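Chain by chain, the residues:
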Amino acid sequence: MTKTRAQQIMSDKDARTPQEVTQCIHDIAAEFEPYIIRQRRHFHKHPEPSLAEVRTTSDIANQLDAMNIPYERPLKTGLVATLRGTAPDAYREDGTPRRRILLRADIDALPVTEQTGEEFASVNEGFMHACGHDCHIAMMLGTLQILRHMTDDIHGEIRIVFQPSEENGQGAKMMIGTGVCEGVDGAFAMHIWSEVDAGTVSCEPGPRMANTDWFRVDVRGTSCHGAMPQRGHDAIMVAAEIVNALQTIVAREISPYEPAVVTVGELHGGTARNVIAGSAYLTGTVRTYSEAAHNVVPDHIRRIVEHTAAALGAEAELTDYTIANYKVENEPAASERCHTAVVKLLGEDGVGHYRGTLSGEDFSEYLRRVPGMLAFLGCRNPAIGATYAQHSCFYKIDETVLAKGSMLAAQYAIDFLAEPTQAELDGPAIAAVAETNPDLAVKLRSAKATAAEARDAVHDAHTARHAAIKGIRDARAAARREEGRDE
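Right, let's walk through the structure included here. (Residues numbered from 1 in each chain as written. Predicted model: local features only at pLDDT ≥ 70, side-chain atom pairs only at ≥ 80, totals over all residues. Heavy atoms only, no water.)

Of the regular secondary structure elements, the protein holds 13 helices and 15 strands. C-alpha atoms of the protein, sized along the principal axes, occupy 115 × 65 × 60 Å. For the protein, buried positions account for 48% of its 487 residues. Counting only contacts in the protein whose residues sit at least 6 apart along the sequence, the fraction spanning at least 24 positions is 79%. Taking the average location of the 49 positive side-chain charges in the protein and that of its 68 negative ones, the two points are 2 Å from each other. (Helix = DSSP H or I, 4+ residues; strand = E, 2+ residues; numbered from the N terminus. Buried < 20%, exposed > 50% of the residue type's maximum accessible area, 1.4 Å probe, protein only. Contact = heavy atoms within 4.5 Å. Lys, Arg positive; Asp, Glu negative; His and termini not counted. Charge placed at Lys NZ, Arg CZ, Asp CG, Glu CD.)

Below, the structure written as structure tokens:
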């Protein structure tokens, strides 16, 4: 029976060069691209909201069973799979992996009624994968198809988290609470993104997605007859004034050099058309990048709310202010690793550029505990109508990018696990110091790095000196030859 290319790669036990590893990733991804697209359409057709991803979890489990990849279900929905490398150095003598990386894919959908007209449109009325989490599931399954055929190239262990409830900001904390970050050396995730051109990947370092906070304001007025407004204090009118006044926070309280948003998304009040409302409430969200802005906005909201209401004879209170997600900030080393992986797989044309967004993402919770990054995988393609923003009822993606996403996660994981551990870089002397005196170990590492830079500089100087001497000798020889010809 003829083996597929993936099976040939899996059975080949010869050590591969980095270039051969990348080519194998390409070959397996090409073989499984129809599978990846088919999975994306299946999950798109059957969206489930946050904390209710029951069928989604079961369908992912079925795929993992078919791949013979072990997994656990630490929560009601979502699961955690483990892929063990079989490279000779993948595990230490005590059975622990030399390195471990966490890959995350979120799995929940939004309360949006789909209007794309796709053949595989949502059959769950009122719910839609309008943020691309169906793509994240499919790409991660594609990544696992690649990696399970290349375990000899995996120098450690890969922990794959299919995470529920990203849209309401609870899932990451819930998963982390089960211990998924324990023993992890790095974390990686991708978000398919409608503002980045299809086939390119944005992986810049630094802040990429915003601190995301939720707030609620309750207004207490005095109800009365709608024809006698002088007898009461209109809570709806006060709430409306508060909505307007809150916009001065960004306009006048925050530096124009710092991105920030204060949005009121709900305003509720009143019981009848001819009754002055005695109460009302509004809810909204705050988005910031800087710690300074993140820290001061709640006090600005509280001051504006209380004093605006008091000026109009009513009372108002900031009754809730919740930090939903902290900002996603990419570690520079992780971003450079991702950039290298993109160039390996897609060439320089695959490197995308994106300024970042004030949208939020609970992947930040992993990055607060483990170094890593989130990449934006572009899916924008006007030729097929893939131009609508995340969360739109018309949201579409260019499906040709899905296999690229699978390849990138596989390449990143393999590259990360192939890198030396800190203990390997330290050597036995510094590693021993690190166990009892971490601060001294940091200083020794710095001194070691400085010494290495000095050795490199000396080597470069010697090389330059020899090149200069050779240049002088060559010039003199050329001059003598010229003199001989003149004679």
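Bringing the nonpolar core into the picture now. If you look at the biggest cluster of nonpolar residues, it comprises 72 residues, and the most contacted ones within it are I158, F162 and F188. In terms of residue count, the dominant contributor to this core is helix α11 (residues 402–418) (11 residues). Dropping the residues within four chain positions of it, I158 is found in contact with A81, T82, L83, I101, L103, L147, A413 and L417. Listed in part, the 26 residues of the second largest apolar core include V217, A245, I249 and A316. (Core = buried A, V, L, I, M, F, W, Y, C linked by side-chain atoms within 4.5 Å.)

Let's shift gears to the side chain of H46. Tracing the chain through its elements places H46 in the loop between α2 (18–45) and α3 (54–67). Overall, H46 belongs to the buried group, its relative accessible area being 16%.

Another point: the pairing of strand β3 (residues 100–106). In terms of burial, β3 is a largely internal element, 7 of the 7 residues being buried. Burial along β3 is two-sided: R100, L102, R104 and D106 facing one way and I101, L103 and A105 facing the other are all buried. Pairing geometry for β3 and strand β4 (residues 157–163), over 7 bridges, is parallel. The partner of D106 across the bridge, within β4, is Q163. Handedness of the crossover joining β3 and β4 through helix α4 (residues 133–148) is recorded here as right-handed. Sheet topology note: the β3/strand β5 (residues 186–197) ladder contains 4 bridges and is parallel. (Pairing = 2+ DSSP bridges. Right-handed = clockwise from strand over helix to strand, strands pointing away.)

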